[in-house]
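Read off the chains here:
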Amino acid sequence: MAVSRRSARPRFTLLILILASLTLITVDLRGGASVPKVRGKARDVFAPIQSAVSHATRPVTDLFNGAFQYRQLKDDNARLRAQLALVRAQQIQDQYLLQTNKDLNDLLKLDFVGDIPTVAARVVAGAESNFQLTIVVDRGSAAGVLKGMPVVAGQGLVGRIVAVSAHQSTVLLLTDPAASVGIEFAPSNAVGVATGQGSASALAVTLVDPTASTPVGTVAVTSGLAGSPYPRGVPVGKVASAVPQAGVRSHVVTLSPVVDLSQLSYVDVLIWTAQSAPTPAASTPAAGSATTPAASVPAVGGATPSTSTPGTPSTTVAPGVGP
Amino acid sequence: MTSEVPWLRASLAVAVVFSVHEALLRGLRIDGVRPDILLGAGIVAAIVGGPELGCVVAFVLAVLGDLFVNTPFGLSALVASTVAFFAGSIRFALGTHTRLAVPTLTFLGSITGVVMWALIGTVLGLPGLLHPHLVTIAVVVAVVNVAISPGVAVLMRWVFTPSAERSYAG
C-alpha cells in the first residue's frame, strides 16, 4: 500500500503541474492583462540586479563571448578588411553617390521620422529567448513608450515594441517569424508584406501584384496603410536580386535590410501608434503614392503568426541576427 | 510532503540558479544561442531529489524564466516539469550506482526539452520554430547544462539529501 502511494503521488504531482502550466498558457494566450502586468513588474524588480551584475561581470562575459565567437570574429575581421579596401577605392565615387543619395532621400522621404517625437534608447540585451528575435532596450512606459510603437535605427526600421515595463521594453525584430510589415517600393508603388523568417532563413515578402517591377536596388519603405502599426515611409530594405519564376510572370525578389540588426547599440522609439496616426486623407502622402487602395493590401501587423500567401512571390532578407 | 521537503533550502537554490541565469548569463551567447540553465537545473533537481520534488523545482524555475521572455507564459514550465519528471523517474529506475546518470540524463533531457518546446510552441501557433538552427540550440543548451550539472548537483544534494535519503536511498 505504501509503495503504491509512493509511486502514484509523483504522477499526481506531475499532473497538477501540467494542468497548472496549461492554465497559465491559456490565460496568456487569451490575451488577459494580468500576465503582461506581472511580467512587467518582475522585469522592473529584477532590472537593477541585472544591470549591476551585468556591469560587474561584463569583462568575464565578454571573455566568454569572445572565446565562443572566435571563429566568427576571425571571419568578420577578414570580411571587414576586404570591405575597407573596397570602401577606400569607392571613396571618390561616394562623393557623387552622397549627392545622389540625398536627392533620393528627399524623393523617398528617408528623413522618415519627420515630426514624430522619438525616445532614444540603449540596447541592453539581446534575445531573451532562443525562439524569438528580440532585443531589450532601456526605456519603458516611464519614458512614454507603449506597446506597438515602431523602433528605428539610423537607416530605417528595426521592429516594434511588444512588451513594456516601467524602465525596459522588448523589441520584436523585423526578422522574427512573427513580425510582418507592410511595404511599398518607392518608384513603382508596388506594395506587399514582408515577413520575418528567423535567423537561418530569410524574410518573405508577399507582393499584392506579383508582376510588379522591383528592380535591384529599389528601396522598400513602410506603406503606412490604414491599420498599419508603422508610419509611412520608414525604410525597410533594398532589393538585392529579382529572379523570375519559371512559368509565371512573377519574380522571387531578395531584399537586404537597411539596418544591421546584429549590430544595434542605440535605437529610437517612435512615439507613434496606429491609433495616433492621422487619417489617410489627412496624412496627404506624396503624389502618386497613395493610389493603392488600402483594401487590396493584406493586413499587416507585428506579432501575429501569419502570413504569406501561397503562390505569390516571396522576398528574402538576410537577417543577420541569431535567435 | 510539506514536512519532508526543506523548502527554505529549495527556495535558496532556486534563487541562486535563477539569479545566475538572468543576471550572470544574460549576455552570454554561444553560436547565437542563449544557455538555458533553468531547464538543466530542473532536470538535475529531479535526478538528485526524485521526480516528484524535481519536477516542482523545474516548474518553479521555468515559470520564473517565463516572466522574462515573451513566449507563451507557462510553456517552459510545462516542458521543464515534464522532462524533469521523466529524467528523475529514469534515474531512480536505474538505481543508485550510475555515475553517468546526471550528465547523460541532463544532456538527453535538455535536448528533449528544447525540441519539445519547439513542437508545442508550433502547435500553439508560434511561427518559425522548427528550423535547422533548432539543432544548434538543442546541442548548445544540452552541452552547457551538462557542463554546469556537477555544480547544480552539489547544490541540489544540499537541498534534497535529507528528503532523498528517506524516500529513495536503499
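All figures in this text were calculated on a predicted structure; none of them were measured in a lab.

So, the overall build of chain B
- Helix and strand content of chain B: 6 helices and 0 strands.
- The secondary structure elements of chain B, listed N-terminal to C-terminal, are α-α-α-α-α-α.
- By the burial criterion, 59% of the 170 residues in chain B qualify as buried.
- Contacts in chain B between residues at least 24 apart in sequence constitute 72% of all its contacts with a sequence separation of at least 6.

Structural notes on the overall build of chain A
- Helix and strand counts for chain A come out as 5 helices and 13 strands.
- Every one of the 323 residues in chain A was classed for burial, and the buried ones make up 40%.
- Of the contacts formed within chain A by residues at least 6 apart in sequence, a portion of 65% connects residues at least 24 apart.

Here's the deal with the interface of chain B and chain A
- Contacts between the two partners involve 43 residues from chain B, matched on the other side by 49 residues from chain A.
- Mapped by element, the contributors of at least two residues to the side of chain B that touches chain A are α1 (7-24), α3 (51-66), α4 (75-94), α5 (101-123) and α6 (133-167) of chain B.
- For the side of chain B that touches chain A, a count of residues per class yields 25 nonpolar, 12 polar and 6 charged.

Remarks on the sheet that holds strand β1 (residues 118-125) of chain A
All names here are of chain A.
- Taken together, the 6 strands give a closed barrel; going around it, the order is β1-β2-β5-β4-β3-β12, and neighbouring strands pair in antiparallel fashion. Geometrically, the sheet is characterised by an average inter-axis angle of 45° between neighbouring strands, direction not taken into account.
- Of the pairings in the sheet, the one linking strand β3 (residues 150-152) to strand β12 (residues 266-270) comprises 2 bridges and is antiparallel in character. When the bridges of β12 are listed, V152 appears paired with D268.

Some words on the pairing of strand β6 (residues 180-185) of chain A
All names here are of chain A.
- Most of β6 is tucked away, with 6 of its 6 residues classed as buried.
- Both faces of β6 are covered, namely the face carrying S180, G182 and E184 and the face carrying V181, I183 and F185.
- Judged from the 6 bridges that link them, β6 and strand β7 (residues 190-195) form a sheet pairing that is antiparallel. Of the residues in β7, the one forming a bridge with G182 is V193.
- Hairpin connection from β6 to β7: 4 residues lie between these consecutive antiparallel strands, with N189 at a positive phi of about 60°.
- Pairing analysis gives 3 bridges linking β6 to strand β9 (residues 219-222), with the strands arranged antiparallel. Each residue of the ladder has a partner; that of I183, found in β9, is T222.

Some points on the confidence of the model for chain A
All names here are of chain A.
- With 75% of its residues at a pLDDT of 70 or more, chain A shows a mean pLDDT of 73.
- Looking across chain A, the model is least confident in strand β13 (residues 315-317), with a mean pLDDT of 39, and most confident in strand β5 (residues 169-173), with 92.
- Under a pLDDT of 50 for its full length, residues 106-110 has, in the predicted model, 6 contacts with residues more than four places off or in other chains.
- Between residues 279-323, whose pLDDT stays under 50, and residues either more than four places distant or in other chains, the model counts 116 contacts.

Thoughts on unusual backbone geometry
Residue and element names in this part refer to chain B.
- Non-glycine residue D31 carries a positive phi angle of around 50°.
- Residue position: D31 is located in the loop between α1 and α2 (37-49).
- Using a count of 14 C-beta atoms within 10 Å as the deciding quantity, one classes D31 as partly exposed.

Some thoughts on the pairing of strand β10 (residues 235-244) of chain A
Residue and element names in this part refer to chain A.
- As defined by bridge partners, β9 adjoins β10 across 3 bridges and the pair is classed as antiparallel. Each bridged residue has a counterpart across the sheet, and for A220 the counterpart in β10 is G237.
- Pairing geometry for β10 and strand β11 (residues 251-257), over 7 bridges, is antiparallel. The residue of β11 that forms the bridge with P244 is H251.
- Where β10 folds back on β11, the antiparallel hairpin that results is connected by 6 residues, among which G247 adopts a positive phi of roughly 85°.

Cut-offs and rules
Residues numbered from 1 in each chain as written. Chains lettered and ligands numbered in written order. Predicted model: local features only at pLDDT ≥ 70, side-chain atom pairs only at ≥ 80, totals over all residues. Helix = DSSP H or I, 4+ residues; strand = E, 2+ residues; numbered from the N terminus. Buried ≥ 20, exposed ≤ 12 C-beta atoms within 10 Å, placed from the backbone. Contact = placed C-beta atoms within 7 Å. Nonpolar A, V, L, I, M, F, W, Y, C, P; charged D, E, K, R; others polar. Pairing = 2+ DSSP bridges. Axes fitted to C-alpha atoms, helices over the stretch in contact; angles between N-to-C directions. pLDDT = per-residue confidence, 0-100.

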